[in-house]
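Now for the letters of each chain:
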Amino acid sequence: MAFLLRTVSRSAEGREIVRTARVEGERLTVGRDPASDVHLTDLAVALRHAEILRTADRLEIAAGTGVSIELDGRKAARGALPLGTGGDIRIGSHILRFLPTAAGAADVEVAVERVTEGEAQLGKADERRFSVASVMPGKRPLAWILVLLVLGVFLAWPIWTVQHRRQDAARGFQPDRMWLSGHLSQVHSSLERDCAACHVTPFVSVRDEACQTCHVRVHDHADRARLARARPGVEGWGRFQLAVQETFGLTPGRCVDCHTEHEGPQEMAPTPQRFCADCHSGLRERLPDTRLGDAGDFATAHPEFQPSVLIRWDAEVPVMQRVSLAGRPSENSNLRFPHALHLARDGGVAQMGRRLRGQFGFGDSLACADCHVPTPDGTRFQPVDMEADCGMCHSLAFDRVGGTVRTLRHGSPEQVVADLREYHRGRVPPRPSVLGPDARRRPGDVMQIRSAIQYAQALAGSGSAADRAIRAVFSPGGACWDCHQVQIPPLGSSAYRIRPVAFPTRYMLHGWFDHAPHRQTDCATCHGAERSRSANDLLLPRLETCRTCHGGESSGEVPSTCAMCHDYHADEGVPAMLLRQRVRGRRWERTTIQVRPEPAGGRR
Amino acid sequence: MASRGAERTRLGSGGSHEGFLRHRRFRWLKVALLLSLAAAVAYAATDVQPRHNGGSWLGYALGTIGALLILWLTMLGVRKRAMTRGRWSLKAWTSAHVYLGLALVVIATLHTGFQFGWNVHTLAYALMMVVVLSGIYGISVYATLPDELSDNRAEMTRPQMIDAVVKIDQQLQAAAQPLDEEEAGIVRLSLAEDPFRGSLVRRLSGNYSNCRNAAALRAMRARPATPETARVVDLLERKAAALGRIRRHLRIRALLEIWLFVHVPVTFATIAALTAHVVSVFFYW
């Protein structure tokens, strides 16, 4: 009995090389040991890996200690194959194939073949693996992935959500926020989640209508046709820029031209002066009928102030008119008031002030603030109120009853006349009882006749005393005459009239002036009250006075752009720029407050 | 291509070849400098209120120039597949690609007006900067690493390097035959080591701490010394040296080639982001 070994190997070309050997006996040893019957050079094979024993009808296989074999695909330490059918044993990278053998046959045929390479083998193909490309995904797939990712996340997603957004769904993350080129200004920050509030139609530039959905009260600077004519002509580069802008649907003159957005979460940037100066520095040329003077910069090109002044009266109605301070206009409030006299450091007024110091807190002489009271916001001054502002010195007292002083009713000449008459009647002695209604007149009653004569004289005297007093009050040196223009009635009548009085509360209707920031300056710096002898003097400072501190956009002690005093949207209130700078101001809608008779003691 | 250009710059003007960097006495460097200077002067001279941004006329102009430049720079990928001579030779084109690509940094940065944020606009800018920086890296490694690569090779070709390992493996196989199972297992560990195994990170770092050959070497040294094991240890050491050479080569090659895997895909990502940037600007015009 013997084993017939057929060792199969392959040449480089793939040709099969078969070597045969014959092992006598019933026992076949397999291992890496060169002494083995089947010598396998695979390092996975133990030196003495297995032993195969042929019995009558089968082959019994036993693996060495610590190693195993693979029998028909299963790992095992020992096993058996029927001789008649044969079978495969796998050891390491080799297969031992026992061919079917008849029970009585002498030889068992065994094919030995290496089926796999035992260890990783390197080849010529591995040269390509030197390149880093062998461990990287391809550049093309990488590029496609990145392109689709970027387009999907940053383009398709936002567009899709914009097209499918419900009206009320401005909550949560909006993908078009990834398009936000810069934060909105503080006032518009609530719109950041709602791009479509301003960008109404895709691919159409922001229109004024979008702004006007909220800003309903903003009106145009001027008539649109006139605005267009006032615009300076553009040539060359400017014309080219304009053409490009219009090609891309950016029509000039939109709100957003001046009010630029997406500049960060600060206050909206003030509009630069050139937006004003472009048109206004040569306006007269282009709009010959304009009443505005050319203005380019406060320091160098600005017309003289033209305040609205009370120039005359149309019967009882004050007539206001804008006049240039260059013409030294006078004001006609119908008051008499010499500022110089009141502010003099010595003289009667100062002495009286010193006398009343304890009561009213006057200084060595009167100061502006003793009579002029600012409005609550400090921007302007309230109209002078006779009782509160003049009454400290200019007393209207005419009688004292017990501890109470009776005063003439200010603002009501009829009442003054009546009060004075009543006062003088009160000075007549009571009707003597001898002249009583039931007294009978008896001739020769000397006492009665004397009483009657005395009473009649007293009555007649009181009438003329009242007339004298009334005349005195309304005449030079009298309480009314001192300050007011009195209309003298015809002889025999006492219907004295006082001309109405009015003060402008605001002179600069198209420019803003706020006293509050100028508080540290002495009033006399701007208002020449100390030299004014007439109430008709208009004590407004001229342009030159302002220019001592205020320069142009980038000059002077206080650089001042147009927007510091003027609003593009021609509002009478605080200029938007100052509002944005948190200057608190109340808008004063009325421009004059007429002083009317009203209950005494009331002060607005 | 690029490596050739960079290497030859060192031959100097006396050589018959000049690299793409000094092509035509730095013609494209001068063009790029002029372009950047013009953009910077325009930026400084233009008064944009309240501050510079991409939406002023200058911003749009710089943006248009930048976008066209990006598209033209990308065309190198198409152009390099067709070699020509002369004024518009591939070398001239590459030279222009490098210098105009650098000028793009100036133009695009001025286009932003130095306003950045978490948005698609800054994304496009950032991706573009990644592309430019990877390109700068690429040029710098091509100027230095090829020398290292040839030093490491020691006149060996790449197949020879592989062959060295294969031969040592065969000798190990033979030398391990008399060893017992445990020692044979150690040798098989070494034989199982694939020199090209490992991720990109391993290639770039050159750190092969889990090398099976090194493990086998350690284990084999710990075995009792016999003539057989001594021979195996010797072979394992020689294999470690051969593997080390291959791995150094891999590392340099990885450092040399990796930038293109950033440069090219991110270029297309930049164009995608640029598209999103432009469309979004006009969408919310």
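Model, not experiment: these values are computed from the prediction.

Rules of the game
Here the residue index of a chain counts from 1 through its sequence in written order. Labels follow written order: the first chain is A, the first ligand is 1, and so on. In keeping with the predicted nature of the model, local features appear solely for residues at pLDDT of at least 70, side-chain atom pairs appear and are counted solely at 80 or more, and the whole-chain, interface and lining totals rest on all residues. Only DSSP runs of H or I reaching four residues or more are called helices, and only runs of E reaching two or more are called strands; each is numbered from the N terminus. Burial in this document is a count-based property: other C-beta atoms within 10 Å of a residue's C-beta are tallied, and the residue is buried at 20 or more, exposed at 12 or fewer, or partly exposed in between, with C-beta positions derived from the backbone. Both definitions apply: the radius of gyration is a C-alpha atom measure, and the globule rule equals 2.2 Å times residues to the power 0.38. Strands were regarded as paired on the criterion that DSSP finds at least two bridges between them. Helix axes use the C-alpha atoms of the stretch in contact, all axes being lines fitted to C-alpha atoms, and the angles between their N-to-C directions lie in the range 0 to 180 degrees. By the criterion used throughout, residues are in contact when their C-beta atoms, derived from the backbone, lie within 7 Å. Any angle that falls under 35 degrees is termed roughly parallel, while one over 145 is termed roughly antiparallel, one within 65 to 115 roughly perpendicular, and all others oblique. Crossings are assigned a handedness: left-handed for a near helix turned anticlockwise from the far helix by less than a right angle, right-handed for a clockwise turn. Three categories are distinguished: nonpolar for Ala, Val, Leu, Ile, Met, Phe, Trp, Tyr, Cys and Pro, charged for Asp, Glu, Lys and Arg, and polar for the others, with Gly belonging to the last. In this document the domain limits rely on a domain assignment from an automatic tool or a database. Confidence scores here are pLDDT values: one per residue, from the predictor, ranging 0 to 100. Each residue after the first adds 1.5 Å to the expected span of a helix. Within this analysis, the arc is defined by the directions that extend from the helix axis to the C-beta atoms.

**Describing the overall build of chain A**
Thinking step 1. A tally of regular secondary structure across chain A gives 17 helices and 20 strands.
Thinking step 2. Counting over 604 residues, chain A shows a buried share of 17%.

**A few points about the overall build of chain B**
Thinking step 1. Counting its regular elements, chain B contains eleven helices and zero strands.
Thinking step 2. For 285 residues, the compact-globule estimate of 2.2 N^0.38 gives 19 Å, and the C-alpha radius of gyration of chain B, at 27 Å, exceeds that figure by more than 25%.
Thinking step 3. In chain B, buried positions account for 38% of the 285 residues.

**Let's talk about the pairing of strand β15 (residues 397-401) of chain A**
Thinking step 1. Counting buried positions along β15 of chain A gives zero out of five residues, so the element sits mostly on the surface.
Thinking step 2. Here β15 of chain A hands over to strand β16 (residues 404-407) of chain A after two residues, with Gly-402 of chain A in that stretch at a positive phi of 60 degrees.

**With respect to the sheet that holds strand β3 (residues 27-31) of chain A**
Residues and elements named next belong to chain A.
Thinking step 1. Judged by pairing direction, the sheet is mixed, and its five strands sit side by side in the order β4-β3-β5-β6-β9 without closing on themselves. Since the sheet does not close on itself, it has two edges, and those belong to β4 (38-39) and β9 (78-82), each with one partner.
Thinking step 2. Pairing geometry for strand β6 (residues 58-63) and β9, over five bridges, is antiparallel. Residue pairing for β9: Ala-62 is matched across the bridge by Arg-78.

**Concerning the sheet that holds strand β10 (residues 87-91) of chain A**
Residue and element names in this part refer to chain A.
Thinking step 1. Strands sit in the order β2-β1-β12-β11-β10-β7-β8 across an open sheet of seven strands; the sheet is mixed. Looking along the sheet, the strands with just one partner apiece sit at the ends: β2 (16-24) and β8 (74-76). Averaged over all neighbouring strand pairs, the angle between strand axes comes to 25 degrees, with direction disregarded.
Thinking step 2. Relative to strand β12 (residues 107-114), strand β1 (residues 2-10) is paired through seven bridges, and the arrangement is parallel.

**Details of the interface of chain A and chain B**
Thinking step 1. Taken together, the contact between chain A and chain B spans 47 residues of the former and 53 residues of the latter.
Thinking step 2. Top element by residues in the side of chain A that touches chain B is helix α1 (residues 139-164) of chain A. It accounts for nine residues.

**So, the packing of helix α7 (residues 158-175) of chain B against helix α11 (residues 227-283) of chain B**
Each packed pair of helices is defined by two parameters, the angle between the axes and the distance between the axes.
All names here are of chain B.
Thinking step 1. It is at 9 Å that the axes of α7 and α11 come closest, and there the two elements cross at 160 degrees. Our classification of the angle between α7 and α11 gives roughly antiparallel. Note on packing geometry: the crossing formed by α7 with α11 is left-handed. Taking contact as the criterion, the partners of Met-161, Ala-164, Val-165, Ile-168, Gln-171, Leu-172 and Ala-175 in α7 are, on α11, Arg-231, Val-232, Leu-235, Arg-238, Lys-239, Ala-242, Leu-243, Arg-245, Ile-246 and His-249.
Thinking step 2. Taken together, the residues of the contact of α7 with α11 break down into eleven nonpolar, two polar and four charged.

**Overview of the domain arrangement of chain B**
All names here are of chain B.
Thinking step 1. Domain boundaries assigned for chain B yield domain 1 (2-154 + 255-283) and domain 2 (158-254).
Thinking step 2. Here the C-alpha centroids of domain 1 and domain 2 sit 44 Å apart.
Thinking step 3. Taken together, the contact between domain 1 and domain 2 spans nine residues of the former and eight residues of the latter.
Thinking step 4. The element best represented in the side of domain 1 that touches domain 2 is helix α6 (residues 120-153), accounting for five residues.
Thinking step 5. Partitioning the side of domain 1 that touches domain 2 into residue classes produces five nonpolar, one polar and three charged.

**With respect to the pairing of β3 of chain A**
Residue and element names in this part refer to chain A.
Thinking step 1. Pairing between β3 and strand β5 (residues 50-54): four bridges, direction antiparallel. Following the sheet pairing, Thr-29 is matched in β5 by Glu-51.
Thinking step 2. Bridging between β3 and β4 involves two bridges; their strand directions are parallel. Its bridge partner lying in β4, Gly-31 is registered against His-39.

**A short note on unusual backbone geometry**
Thinking step 1. If you check the backbone angles, Ala-315 of chain A has positive phi at about 55 degrees while not being a glycine.
Thinking step 2. Phi is positive for Arg-25 of chain B, which is not a glycine, with a value near 50 degrees.
Thinking step 3. Relative to the assigned elements, Arg-25 of chain B resides in the loop between α1 (2-8) and α2 (27-45).
Thinking step 4. Here Arg-25 of chain B falls in the exposed class, since 9 other C-beta atoms lie within 10 Å of it.

**Quick notes on the environment of Ala-367 of chain A**
Thinking step 1. Inspection of the secondary structure assignment puts Ala-367 of chain A in the loop between α10 (357-360) and α11 (368-371).
Thinking step 2. Considered as a pair, Ala-367 of chain A and Cys-523 of chain A are 156 residues apart in the sequence and their alpha carbons are 9.5 Å apart.

**A few points about the confidence of the model for chain B**
Residues and elements named next belong to chain B.
Thinking step 1. Here chain B shows a mean pLDDT of 88. Residues at 70 or above account for 93%.
Thinking step 2. Counting interchain partners and residues more than four positions distant, the pLDDT-below-50 stretch residues 1-15 has 25 contacts.
Thinking step 3. In the predicted assembly, ipTM is 0.88 and pTM is 0.70.

**Some words on the confidence of the model for chain A**
Residues and elements named next belong to chain A.
Thinking step 1. Counting all residues, the mean pLDDT for chain A is 83, and 88% of those residues have values of 70 or more.
Thinking step 2. Across chain A, α1 holds the top mean pLDDT of 94, while strand β20 (residues 592-595) sits lowest at 44.
Thinking step 3. Taken as a whole, residues 596-604 scores under 50 in pLDDT and shows eight contacts with residues more than four places along the chain or in a different chain.

**Here's the deal with helix α3 (residues 57-74) of chain B**
An α-helical turn contains 3.6 residues, so a residue and the one three or four places further along point in the same direction.
Residue and element names in this part refer to chain B.
Thinking step 1. Helix length check: α3 (18 residues) gives 26 Å between terminal C-alpha atoms against 26 Å at 1.5 Å per residue, within 8%.
Thinking step 2. When we look at burial in α3, the residues that qualify are Leu-58, Gly-59, Leu-62, Gly-63, Gly-66, Ala-67, Ile-70 and Leu-73. Axial view of α3: buried residues confined to an arc of 160 degrees, hence all on one face. The exposed set on the far side of α3, more than 90 degrees from its buried face, consists of Leu-68 and Leu-71.
Thinking step 3. Where the residues of α3 are buried, they touch α2, α4 (76-79), α5 (90-112), α6 and α11.

**Comments concerning the environment of Val-204 of chain A**
Thinking step 1. Note on placement: Val-204 of chain A falls in the loop between α1 and α2 (208-212).
Thinking step 2. Taking the C-beta count within 10 Å as the criterion, Val-204 of chain A has 13 such neighbours and is therefore assigned partly exposed.
Thinking step 3. Residues Val-204 of chain A and Ile-69 of chain A, spaced 135 residues apart in sequence, show a C-alpha to C-alpha distance of 80 Å.
Thinking step 4. What Val-204 of chain A contacts, discounting residues up to four positions off in sequence, is Gly-249 of chain A together with Trp-285 of chain B.

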